[in-house]
Structure formats: structure tokens, C-alpha cells
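# A closer look at the structure
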Amino acid sequence: MCKKKARDRPRFSWVPPSTGFIKFNVDGASVGNPGPTGIGEVMCHVGKELARFSKLVGIEDSNVAELMAICEAFLIFIDSPFVSNNALIVESDSKNAVTWVNSSLLGPWRVLNFINHIECLKKKLRKWEVIHIFREANQAADQLGTSWLRKGCHVLLIRW
């Protein structure tokens, strides 16, 4: 009998942002599609965690949850004291959401209001990036995205 060689999945890890960048790792989670939905985010600058939060956002599907998380990152960054001297990086493990934010014409009609809102927010910033990352590199945001299920409450921690 021939044994199949086990494939090792590549390992991915979180990388801190460079000087001059604020990074948000975001995640949206839905129990059911649609179902109760939450988002979670971690905000970092040069490897230092500045804020983290999670919250329940209603009854939606997972794609909407991811877009809501990205939108929230833009809103928090725009209202932060870091907006004047830094660029924004948003990392999400949702290929769909990242594609739709970077190419708004590709998004399905049912999420266009979220995409259009993000488009307006992008115009307020001098530089921004929305990047797809693998789930393994997004564990902190992933845990926050579902923490409302375990704790039944919102989480907010700010260190600036």
C-alpha cells in the first residue's frame, strides 16, 4: 500500500506595521447566514497594541460582517489622533470583502451601501491599504469577532 505524504500547511504569522502606519486586523463573524453577527478589531502601531474591541452588530451574513469590520476600522482611524501622521492598513481574512473594497464595482448589489460608505471614507485619507491575510495571521481579531458569543457583551480597550 502506498502512503500519502502529509502536506504541511504553510505557517503564517502576524507582522507589525512599519513606522508611519497604523494597522487594523479585523474580522466579522456570523452564526448562521444570516444570523447574529459580531465584529472584532485590533489596532496597532509599530508593534504596540493601541486598541481592541468587539461588538454585536445585528443579524447579517458573514460577508456583511467583514465589510462592517473594515468600515469600522476606517471610522476609528479617521477619528483617532494618528490620522494626521500615519497611513492606514486594514488586514482581513475575507477575500471577498478585500476584493470588494479594493474594486468597488465587483461587489454584489446587496452590499453596495457598505462598499459606498467605505468609498467615501477612503477619500478622507491620504494613504490606505486593505489587504487579505490568512486566518492564522489574524487570530486576535478572529477571537474578538466571536467573543460576544462567549461573553455576551461588547469589549473595548484603548491605550492611546
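Residues numbered from 1 in each chain as written. Predicted model: local features only at pLDDT ≥ 70, side-chain atom pairs only at ≥ 80, totals over all residues. Heavy atoms only, no water.

What follows is about the overall build of the protein chain. The helix and strand tally for the protein chain stands at 4 helices and 6 strands. Helices (α) and strands (β) of the protein chain occur, in sequence order from the N terminus, as β-β-β-α-β-α-α-β-α-β. Classification of the 160 residues of the protein chain by burial places 44% in the buried group. In the protein chain, once contacts between residues fewer than 6 apart in sequence are set aside, the share between residues at least 24 apart is 71%. Element-wise, carbon and sulfur atoms account for 55% of the exposed surface of the protein chain, whose accessible area totals about 9,200 Å². (Helix = DSSP H or I, 4+ residues; strand = E, 2+ residues; numbered from the N terminus. Buried < 20%, exposed > 50% of the residue type's maximum accessible area, 1.4 Å probe, protein only. Contact = heavy atoms within 4.5 Å. Areas by Shrake-Rupley, 256 points an atom, 1.4 Å probe, with all protein chains shown as cover.)

This paragraph deals with the pattern of salt bridges. Under the counting rule described, the total for this entry stands at 5 salt bridges. In this structure, Arg110 and Asp61 form a salt bridge, with 2.7 Å as the shortest nitrogen-oxygen distance. With Arg110 in the loop between helix 2 (95-102) and helix 3 (112-122) and Asp61 in the loop between strand 3 (48-60) and helix 1 (62-78), the pair connects residues that are 49 residues apart, well separated along the chain. Note on Arg110: relative accessible area 38%, which makes it partly exposed. (Salt bridge = Lys/Arg side-chain N within 4 Å of Asp/Glu carboxyl O.)

Moving on to the confidence of the model for the protein chain. Reading fine detail from the predicted coordinates is not recommended where pLDDT is low. Averaged over all residues, the pLDDT of the protein chain equals 84, while 82% of them reach at least 70. Ranking the helices and strands of the protein chain by mean pLDDT puts helix 2 first, with 97, and helix 4 (residues 139-151) last, with 66. (pLDDT = per-residue confidence, 0-100.)

Inspection of the secondary structure assignment puts His117 in helix 3. On a C-alpha basis, the gap between His117 and Met68 in space is 9.9 Å, while along the polypeptide they are 49 residues apart. Leave out the neighbours within four places in its chain, and His117 touches Cys71 and Leu75.

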